[in-house]
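# Structure at a glance
Listed here are the chains, written in short residue letters.
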Amino acid sequence: MAKLIVIGEALIDFLPCSKGSLSQTRAFEKSPGGAPANVAAAASKFGIESMLITKLGNDGFGDFLAEAIQKEGIDCRAVLRTDEANTGLAFVSDSGNSDVEYLFYRAPAADMLLSAEDICAQWFGQGDILHFCSISLVDAPCRGAHDRAIEIARERGCLISFDVNLRPPLWHDINDLKEVVLRYIPKADIIKASDDELAFLGEIKAPHLLVTLGKNGARYIGNGLDVHVNGFDVSVVNTTGAGDAFIGTFLAHCVSGLNFLESAAQCADVLRFCNAAAGIVVGQPGALQVMPTKAQVQEFLSGV
């Protein structure tokens, strides 16, 4: 069966132990994260074979992440290690509203040193899905690694997914961020963006466009369809992995084919399932380690 291949950063999220800005937060708890790693975990929990392509430092945080990734059932053959840089860190604040503040320590981080030469064609099989995000498209060796992975994926007939996942603080010039993201959008078959990200990027054309709307649900545009589903009224503890849970669960459905996107009713059912996965994640601290199983999502849906 086809698998999901995710390329990009795995890092340590330091989550706040209390609400407030970064300047106000006095204590943090370390948690395995990084959007690509979270997406791989979401698909793996769904029962789909998933593989992560990344690079970690030969340090204690790298050891912690490697163990956490393996524990989630993710194929770790492409989780590489290096002495040239430390594992990336991200400090997260929660002000109690919809705004989440990130402070990244990546100057550079180990994942940024992933290079085109590190990418093996043997990792990719016919019908696989390759997924990536914009964080690793900064001007560093990791952008070349993504270019090589996308090239191989196209040669092997893989489906390609891109979560724009904008993180402006990682870019010296926000106009460069916009230019690079818009340059990579045509390389993908599936694009996922939030409504706020679309407001920044402008109109996007893609074969399959997913728009997450926070508490207002999600929307799919493609195949002649325009499908919107409502979100769920849930208590929010931490939003860090919500979008990753959504796209990871969506791609898990795509591994066996895109036939469900030919029917508005079936598409709505899948979007609702993905929203439920995200709803479960926001109710707990953490991201990678709290991605729900298919059974947990079904149980959630049976109670709403």
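So, how was this worked out
Residues numbered from 1 in each chain as written. Predicted model: local features only at pLDDT ≥ 70, side-chain atom pairs only at ≥ 80, totals over all residues. Heavy atoms only, no water. 1 Å grid on protein atoms, 1.4 Å probe; cavity = no way out; pocket = protein on both sides within 12 Å on 5 of 7 lines; lining within 4 Å. Points joined across faces, edges and corners; volume = space filled by probe spheres on them. Helix = DSSP H or I, 4+ residues; strand = E, 2+ residues; numbered from the N terminus. Nonpolar A, V, L, I, M, F, W, Y, C, P; charged D, E, K, R; others polar. Disulfide = S-S within 2.5 Å. Pairing = 2+ DSSP bridges. Axes fitted to C-alpha atoms, helices over the stretch in contact; angles between N-to-C directions. Contact = heavy atoms within 4.5 Å. Phe/Tyr/Trp six-rings, centres within 6.5 Å; stacked < 30°, edge-to-face > 60°. Buried < 20%, exposed > 50% of the residue type's maximum accessible area, 1.4 Å probe, protein only.

Moving on: empty space enclosed by the protein. Per the stated rule, a full pass over the model turns up one cavity of 30 Å³ or more. Considering only enclosed or pocket space, the largest cavity measures out at about 40 Å³ in volume. What lines the largest cavity is simply A42, F46, A245, T249, F273, A277, P292 and V297. Contributions of two or more residues to the lining of the largest cavity are made by α6 (242-254) and α7 (264-282). The residue inventory of the lining of the largest cavity, partitioned by class, reads seven nonpolar, one polar and no charged.

The bond known as a disulfide is covalent and runs between the sulfur atoms of two cysteines. Applying the stated criterion across every chain yields a total of zero disulfides. Cysteine C120 shares no disulfide, and the gap to the nearest cysteine sulfur, in C158, comes to 15 Å.

For the rest of this paragraph, the subject is the layout of surface pockets. In this structure, the second largest pocket spans a volume of roughly 340 Å³. Around the second largest pocket sit 15 residues that line it, and M112, V138, L170, W171 and H172 are the ones nearest its centre. In terms of residue count, strand β7 (residues 100-105) provides more of the lining of the second largest pocket than any other element does, three residues in total.

Before going further, it helps to spend a moment on the sheet that holds strand β2 (residues 11-16). The strand order across the open sheet built from four strands is β3-β2-β6-β7, with neighbouring strands paired in mixed fashion. Strands with a single pairing partner mark the edges of an open sheet, and in this sheet they are β3 (28-33) and β7. If you compare each strand with its neighbour and ignore which way they point, the axes differ by 25° on average. Relative to strand β6 (residues 89-94), β2 runs parallel, the two sharing three bridges. The residue bridging I12 from the neighbouring strand is L89, located in β6. Set on the sheet, helix α2 (residues 60-71) makes contact with β2, β3 and β6; between it and β3 the angle comes to about 55°.

Applying the stated criterion across every chain yields a total of 10 aromatic pairs. Aromatic pair F28 and F91: ring centres 5.3 Å apart, planes at 85°, arrangement edge-to-face. One end of the pair, F28, is in strand β3; the other, F91, is in strand β6, and 63 residues separate them in sequence. With centroids separated by 5.8 Å and ring planes inclined at 15°, the aromatic side chains of Y102 and F104 adopt a geometry described as stacked. Across this residue pair, the class does not change: Y102 and F104 are buried.

This paragraph deals with the pairing of β2. Among the six residues in β2, five count as buried, and that is most of the element. The pairing of β2 with β3 spans six bridges and is classified as antiparallel. The partner of D13 across the bridge, within β3, is S31.

Following A107, the chain continues into P108 via a peptide bond in cis, with omega recorded as -10°. Here P108 is to be found in the loop between β7 and β8 (129-133). With a phi angle near 40°, N165 is a residue other than glycine that sits in the positive phi range. Taking relative accessible area as the criterion, N165 reaches 8% and is therefore assigned buried. Positive phi values are uncommon outside glycine, yet N223 reaches one of about 55°.

Don't take any of this as a statement about function, it's just geometry.
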